[in-house]
Amino acid sequence: MLCVEQKQFQELSISAKRAIFWALVLGFICYSALIYTTGTEYQAGEEAFSGSAQRGKLVFQKYNCISCHQIYGLGGYMGPDLTNVMEEEAKGRNYAEVFIQHGTAKMPRFEMTETERDELLNYLEYVGKAGSYPVTDFKVTWYGNIHSETAENEKQ
Ligand code: HEC
């Protein structure tokens, strides 16, 4: 992108060429260091991934909720996405529990133990803290990293 004709470049002194070379190498090193060390440390919702939530993930798999529901937009499309069901204003823990316990015309009721249901809800709580769907709130920084604005706000 430098507007230097090839001939002009050839006429540059060897030390000027070296300076350009080392400036590019230095730029590459600084850019690589920045990319590999920033934006990699934040694990959203990690503290919510307790033992109980981890068992809840197995419950989620055991009853195959993903066949009808999505998490982070992935899964079956018969029921709604469950990523943020636990923190949506009009929904929440009790709301989700009622669906699991009693089902609806389209969703089966699940004969699970109270412990399983609790673990399952803890897992869904973790899922909500770890991300959001649809993803609408990210921005790309000038150096090429993607930052979630929600995650940034939660950090403060
Ligand atoms: C056979 C498909 C099916 C399966 C399997 C299923 N669901 Fe559902 N679920 C639905 C449908 C469809 C709805 C929407 C309610 C309706 O239309 O009756 C729903 C609604 C829900 C809701 C309310 C969501 C909202 O945003 O209003 C929650 C929470 C939920 N399901 C949790 C679960 C969990 C947890 C499991 C696994 C244990 C599960 N579902 C398994 C079909 C299913």
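These notes cover the structure that comes with them. (Residues numbered from 1 in each chain as written. Predicted model: local features only at pLDDT ≥ 70, side-chain atom pairs only at ≥ 80, totals over all residues.)

**Quick notes on the site of the ligand**
Stage number 1. Within the structure, the ligand sits among 22 residues, and Cys65, Cys68, Gly79, Thr104 and Met107 are positioned closest to it.
Stage number 2. Looking at the shell around the ligand element by element, the count peaks at three residues for helix α4 (residues 93-102).
Stage number 3. Considered class by class, the residues forming the shell around the ligand number 15 nonpolar, five polar and two charged. (Near = placed C-beta within 6 Å. Helix = DSSP H or I, 4+ residues; strand = E, 2+ residues; numbered from the N terminus. Nonpolar A, V, L, I, M, F, W, Y, C, P; charged D, E, K, R; others polar.)

**Some details on the environment of Leu121**
Stage number 1. Tracing the sequence through the fold places Leu121 in helix α5 (residues 114-130).
Stage number 2. Along the sequence, Leu121 and Met86 sit 35 residues apart, while their C-alpha atoms lie 8.0 Å from each other.
Stage number 3. Aside from chain neighbours lying at most four places away, what touches Leu121 is Arg93, Ala96 and Glu97. (Contact = placed C-beta atoms within 7 Å.)

**Structural notes on the packing of α4 against α5**
Packed helices, taken two at a time, are described by the angle their axes make and the gap between the axes.
Stage number 1. At their nearest, the axes of α4 and α5 sit 11 Å apart, and the two run at 130 degrees to each other. Of the possible angle classes, the one that applies to α4 and α5 is oblique. Handedness of the α4/α5 crossing: right-handed. On α5, the residues touching Arg93, Ala96, Glu97, Ile100 and Gln101 of α4 are Arg117, Leu120, Leu121 and Leu124.
Stage number 2. Of the residues belonging to the contact of α4 with α5, the class tally is five nonpolar, one polar and three charged. (Axes fitted to C-alpha atoms, helices over the stretch in contact; angles between N-to-C directions. Parallel < 35°, antiparallel > 145°, perpendicular 65-115°, else oblique. Left-handed = near helix turned anticlockwise from the far one by under 90°.)

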